[in-house]
Amino acid sequence: MWNPHHDEMIDTLMKVVNGDITRLVINVPPRYGKTEISVIMFVSWCLARWPSSKFIHLSFSNDLVLDNSARIKELIQSDEYQALWPVQLKSDSKAKNKWYTEAGGGVYATASKGAVTGFGAGSADDSVEFGGAIIIDDPLKPDDAESETLRRQVNNRLNNTVRSRVNSRKTPIILIMQRLHDEDAAGFVLDGGTGEE
């Protein structure tokens with residue numbers, strides 16, 4: 001069922017594409033379409049417009065990011081998509097976790113605790129209209145939200161590892177999650193990424 005929050009999410013994601021927003025937090029409860037719109041449809045649409053765009057997709061769940069990555073690939077390879085946007089995937093792009101378009105774009109999907117090496121999001125060429133993004137969908141498992149140690153691990157990873165994987169300062173970082181704790185990842189970045197009051 002379509003609701004006004006879906007329009008708000010899409011309008012805000014368009015501001016990311018236009019370069020008006022480079023750091024975005026989307027807080028939506030589970031089962032409200034946040035992953036469908038902000039990951040699967042957004043990445044598929046961006047690759048249709050800019051096949052050279054590069055995305056890193058992270059979540060607490062490796063299964064979730066691999067499923068999302070596979071769904072994006074299936075969508076791109078569908079007859080309906082190809083009739084509108086003939087984006088070709090490289091012939092060796094069989095893996096779910098890392099794959100490329102013939103134009104050099106692609107997706108690297110891994111758990112937020114996994115290694116993020118050998119792949120950068122966005123474009124190093126600042127003249128490119130849009131080059132991709134880092135999209136983090138639920139970086140913290142709900143069961144771990146009460147653990148200060150686990151919250152800190154996720155927050156430190158956002159500050160250190162994740163921010164270093166952008167190819168340009170213009171590369172957007174999008175954090176999508178349900179709120180779980182005052183000091184969860186959304187609270188951490190809304191606090192300036194310091195964890196301080």
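Everything in this summary refers to the structure shown in the same document. Only a predicted model underlies this, so the values are computations on that prediction, with no experimental measurement involved.

### A short note on the packing of aromatic side chains
So, point 1. Counted according to the given criterion, the structure contains 8 aromatic pairs.
So, point 2. Here Trp 45 and Trp 50 contribute two aromatic rings whose centre-to-centre distance is 5.7 Å and whose plane-to-plane angle is 85 degrees, an arrangement assigned as edge-to-face.
So, point 3. With a relative accessible area of 10%, Trp 50 lands in the buried category.
So, point 4. On the basis of an interplanar angle of 50 degrees and a centroid distance of 5.3 Å, the ring pair of Trp 50 and Phe 130 is categorised as tilted. Here Phe 130 lies in the loop between β4 (106-111) and β5 (132-137) and Trp 50 lies in the loop between α2 (34-49) and β2 (54-59), a separation of 80 residues in the sequence.
So, point 5. Classification of Phe 130 by relative accessible area gives buried; the value is 4%.
So, point 6. Chaining the aromatic ring pairs together yields one cluster made of Phe 42, Trp 45, Trp 50, Phe 55 and Phe 130.

### Side note on the pattern of salt bridges
So, point 1. In this structure the tally under the stated criterion is 6 salt bridges.
So, point 2. Across the salt bridge formed by Lys 34 and Asp 138, the nearest N and O atoms sit 2.9 Å from each other. On the criterion of sequence distance, the pair formed by Lys 34 in helix α2 and Asp 138 in the loop between β5 and α5 (148-162) is long-range, its members being 104 residues apart. Of the two residues examined, Lys 34 and Asp 138, each falls in the buried class.
So, point 3. Residues joined in a network through salt bridges with shared partners are Lys 34, Asp 137 and Asp 138.

### Overview of the pairing of β2
So, point 1. Among the 6 residues of β2, 5 are classified as buried, and the element is accordingly described as predominantly covered.
So, point 2. Here β2 pairs with β4 via 6 bridges, running parallel. By the bridge assignment for β4, His 57 is matched with Ala 109.
So, point 3. Across 5 bridges, β2 lies against β5 in parallel orientation. Note that in β5 the partner of Lys 54 across the bridge is Gly 132.

### Some thoughts on the packing of α2 against helix α3 (residues 62-77)
A pair of packed helices can be characterised by two numbers: the angle between their axes and the separation between those axes.
So, point 1. At a closest axis distance of 10 Å, the pairing of α2 and α3 adopts a crossing angle of 45 degrees. Considering their axes alone, α2 and α3 lie oblique with respect to each other. Pair α2 / α3 crosses with right-handed handedness. For the pair α2 and α3, contact is made by Thr 35, Glu 36, Val 39, Ile 40, Met 41, Val 43, Ser 44 and Leu 47 and by Asn 68, Arg 71, Ile 72, Leu 75 and Ile 76, respectively.
So, point 2. Tallied by class, residues from the contact of α2 with α3 come to 8 nonpolar, 3 polar and 2 charged.

Cut-off values and rules
- Residue positions are given per chain, counted from 1 along the sequence in the order it is written.
- Reporting of local features is limited, given that this is a predicted model, to residues whose pLDDT is at least 70; pairs of side-chain atoms are given and counted only at 80 or more, and all residues count toward the totals for whole chains, interfaces and linings.
- Excluded from the side-chain calculation are hydrogens and water; included are all heavy atoms of the structure.
- Each aromatic pair joins two rings of Phe, Tyr and Trp (for Trp, the six-membered one) with centres within 6.5 Å, and gets the label stacked for planes under 30 degrees apart, edge-to-face for over 60, and tilted for any other angle.
- Summary of the burial criterion: residues with accessible area below 20% of their type's maximum are buried, those above 50% are exposed, and those between are partly exposed, where the area comes from a 1.4 Å probe applied to protein chains only.
- Comment: elements are numbered from the N terminus, with helices defined as DSSP H or I runs of at least four residues and strands as E runs of at least two.
- The salt bridge criterion pairs a side-chain nitrogen of Lys or Arg with a carboxyl oxygen of Asp or Glu, the two atoms within 4 Å.
- Strand pairing is assigned whenever DSSP identifies at least 2 bridges connecting the two strands.
- Under this scheme, a helix contributes an axis fitted over its contacting stretch, all axes are lines through C-alpha atoms, and angles between N-to-C directions fall in the 0 to 180 degree range.
- Should an angle lie under 35 degrees it is considered roughly parallel, over 145 roughly antiparallel, and from 65 to 115 roughly perpendicular; all remaining angles are considered oblique.
- Here a crossing is called left-handed whenever its near helix is offset anticlockwise from the far helix by less than a right angle, and right-handed whenever the offset is clockwise.
- Here, residues are in contact when the closest pair of their heavy atoms is within 4.5 Å.
- Residue polarity follows a fixed list, in which Ala, Val, Leu, Ile, Met, Phe, Trp, Tyr, Cys and Pro are nonpolar, Asp, Glu, Lys and Arg are charged, and the others, Gly among them, are polar.

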